[in-house]
Amino acid sequence: MLTSWNHVNISHKLEDQLIRQNKHSLNQSYIMKLNTSLLLFIIACLSSITSIQGQGFQKCEETAYPPDDQYAVPQYVVDLDLPPLQRWSALMREKGPKLVALVDDVKDLFKSLVGEKIFEIIFKNLAKVATTLPYPFYEELVGISTFSEVPLSLITMYNIFYEAFTLCTSIISQDPSGQLFHGRNLDTGVFLGWDKKNHTWKVAEQLRPLAVELEWRKNGTAVFRSLSFAGYVGILTGVKKDKFTLSINKRFALNGGFVGLLEWILFNDYNQSWVSFLSREIMEEVENYEEAQTRLIKTRLLAPVYFILGGTQPGQGCIITRDRDNSNLLTLGSTKTGSGSWYLVQTNYDHWKKPPFFDDRRTPANRCMTEGGPNNASLGLIYNVLSTKPVLNKETVYTALMQASSGQVHGWIRQCPDPCWPW
């Protein structure tokens, strides 16, 4: 079972460090207060969005697949043979203006969420954080900053976005022949700019035109493919042909990404891996499912996370629940999550706990997968389940489908017309 660090002791250390720097002390319970503020925000949303209250799960979607090609995420190439400073130049020249609009808003919304004191500590050190990142990430961020004309501090903030704000639903399934399928909804933008008039999240709206499907090439050959956002150098959704598929879901924990980030900044604690940078390293370097699983389980992390990993052989599917040092492994064949033995569903809550009443995407996803049945296991079934409200919601930026045996990943931009739950 997972264990947690002593967050009170960590907070005391942070408080002492801030005093030595002649700054206002950081309240040792700031993490608890942050969680409380998020809950209060949720309650406020529930009470204010009266037009969509009660519009939760009603029935399983059966006709969403195949999606319309007009919503397909555009495709680009990342040439790993180019110097890191040059790899993102063409994409940034095209997408740079949209990135400028996004990061300015994210900066303001980030500040409103975490508070002035914590934001000042993080933001003034972001350029320094970039210089401490392992090769080639710093060099790539400098290149993105140069070609997008966005300051390096803001590009760095954009690239650590996962550690704070991303929600998701991931599904792995297996048909009777042992063929594996993997899909996910990328949900993001929660607490970041709710538009009461249009019932949209501001950041999610701005991220949709930045979604890109990337083919990462070396020596003229595709090494792996991913669904990402222009200017984001980590991997949240990826496939390596004949090897494995990988998606990442946010995990909430007291010893979360803000603590790891502050330790990185204040204590120069570089003996930890950024979640999405680790996943990219694995996509580039690892050649089989077993090694990928081992690295995802054992590597010390900056933030808690759920890794959803799929392979090419029957039974090669798992959910790796991580805190920063420990792990819990759940594999295909288990029914512990309420799922059938032929599929696994992961949202943003530990599988051994009930999801909260205000964000239960797991129950409808499990119900719809079960109704579909193993004989209908397919990418189409997963897409339909991911299109079922509230699995599909106002935060959903894209839906991705992938399969290791084909090496393909495809994504479609999503909208959730009213009535639709905000998350």
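Description of the structure in this document. From a predicted model like this one, the values you see are computed outputs, not experimental measurements. In this numbering scheme, every chain counts its residues from 1 along its sequence in written order. Local features in a predicted model are, by the rule used here, given only for residues with pLDDT of at least 70; side-chain atom pairs are given and counted only at 80 or more, and totals for whole chains, interfaces and linings are based on all residues. As a rule here, side-chain values come from all non-hydrogen atoms in the structure, and water together with hydrogens is ignored.

Focus on the overall build of the protein chain
- Scanning the protein chain from terminus to terminus reveals 14 helices and 15 strands.
- A buried classification covers 61% of the 423 residues belonging to the protein chain.
- The long-range fraction of contacts in the protein chain, counting pairs at least 24 apart against all pairs at least 6 apart in sequence, stands at 70%.
- For the protein chain, the computed accessible surface area is about 16600 Å², with 51% contributed by carbon and sulfur atoms. A helix here means a DSSP run of H or I that spans at least four residues, while a strand means a run of E at least two residues long, and both kinds are numbered starting from the N terminus. Note on classification: 1.4 Å probe, protein chains only; a residue is buried when its accessible area is under 20% of the maximum for its type, exposed when over 50%, partly exposed between these limits. By definition, residues are in contact when any of their heavy atoms lie within 4.5 Å. Every accessible area reported is derived by Shrake-Rupley at a probe size of 1.4 Å, with residue values counting cover from the shown protein chains alone.

As for the packing of aromatic side chains
- Aromatic pairing here means that ring centres of Phe, Tyr or Trp (its six-membered ring) are within 6.5 Å. Orientation follows from the plane angle: under 30 degrees is stacked, over 60 is edge-to-face, and everything else is tilted. A complete count under the given rule lists 16 aromatic pairs for this structure.
- Pairing Trp274 with Phe277 gives two aromatic rings, centres 6.1 Å apart and planes at 40°, and the pair type is tilted.
- Here Trp274 falls in the buried class, since its relative accessible area comes to 3%.
- In this structure Phe277 comes out as buried when scored by relative accessible area, which is 3%.
- For the ring pair Trp342 and Tyr343, a centre distance of 4.8 Å and an interplane angle of 70° mean the geometry is edge-to-face. As far as burial versus exposure is concerned, Trp342 and Tyr343 are alike and both buried.
- Here the aromatic residues Phe137, Trp264, Tyr270, Trp274 and Phe277 are joined through ring pairs into a cluster of three or more.

Some words on the sheet that holds strand β9 (residues 244-250)
- As summarised here, the arrangement of the 8 strands in space is β1-β6-β7-β8-β9-β10-β11-β12, forming an open sheet in which the pairing is mixed. Every interior strand has two partners, whereas the edge strands, β1 (75-79) and β12 (327-331), have only one. Each strand of the sheet is rotated relative to its neighbour by a mean of 20°, with strand direction disregarded. One bridge is not enough; two strands pair if DSSP finds at least two bridges between them. Axis definition: a line fitted to C-alpha atoms, limited for helices to the stretch in contact. Angles are taken between N-to-C directions and run from 0 to 180 degrees.

Comments concerning the nonpolar core
- Throughout this description, the term nonpolar core refers to a set of buried Ala, Val, Leu, Ile, Met, Phe, Trp, Tyr and Cys residues connected via side-chain atoms within 4.5 Å. In terms of nonpolar packing, the biggest core is built from 92 residues, with Trp88, Leu99, Tyr158, Phe229, Trp274 and Phe307 touching the most fellow members.
- Apart from residues no more than four positions distant in its own chain, Trp88 is found in contact with Val78, Glu140, Ile144, Leu214, Trp216, Gly231, Tyr232 and Val233.
- Counting residues in hydrophobic clusters, the runner-up holds 19 residues, among them Val345, Ala377, Leu381 and Ile382.

Some thoughts on unusual backbone geometry
- Along the chain, Tyr135 connects to Pro136 via a cis peptide bond; the corresponding omega equals 5°.
- Looking at where Pro136 falls in the secondary structure, it is placed in the loop between α5 (126-131) and α6 (137-148).
- Between Asp418 and the following residue, Pro419, the backbone shows a cis peptide bond with an omega angle of 0°.
- The phi dihedral of Asn268 is positive, around 50°, even though this residue is not glycine.

A short note on helix α13 (residues 362-372)
- Within the span of α13, buried status applies to Arg362, Pro364, Ala365, Asn366, Cys368, Met369 and Gly372.
- Just beyond α13, the residue with positive phi is Gly373, at close to 85°.

Some thoughts on the environment of Phe123
- Structurally, Phe123 is set in helix α4 (residues 116-124).
- Each C-alpha atom, one on Phe123 and one on Met157, is 7.7 Å from the other, the two residues being 34 residues apart in sequence.
- The contacts of Phe123, once residues within four sequence positions are left out, are Lys107, Ser153, Leu154 and Met157.

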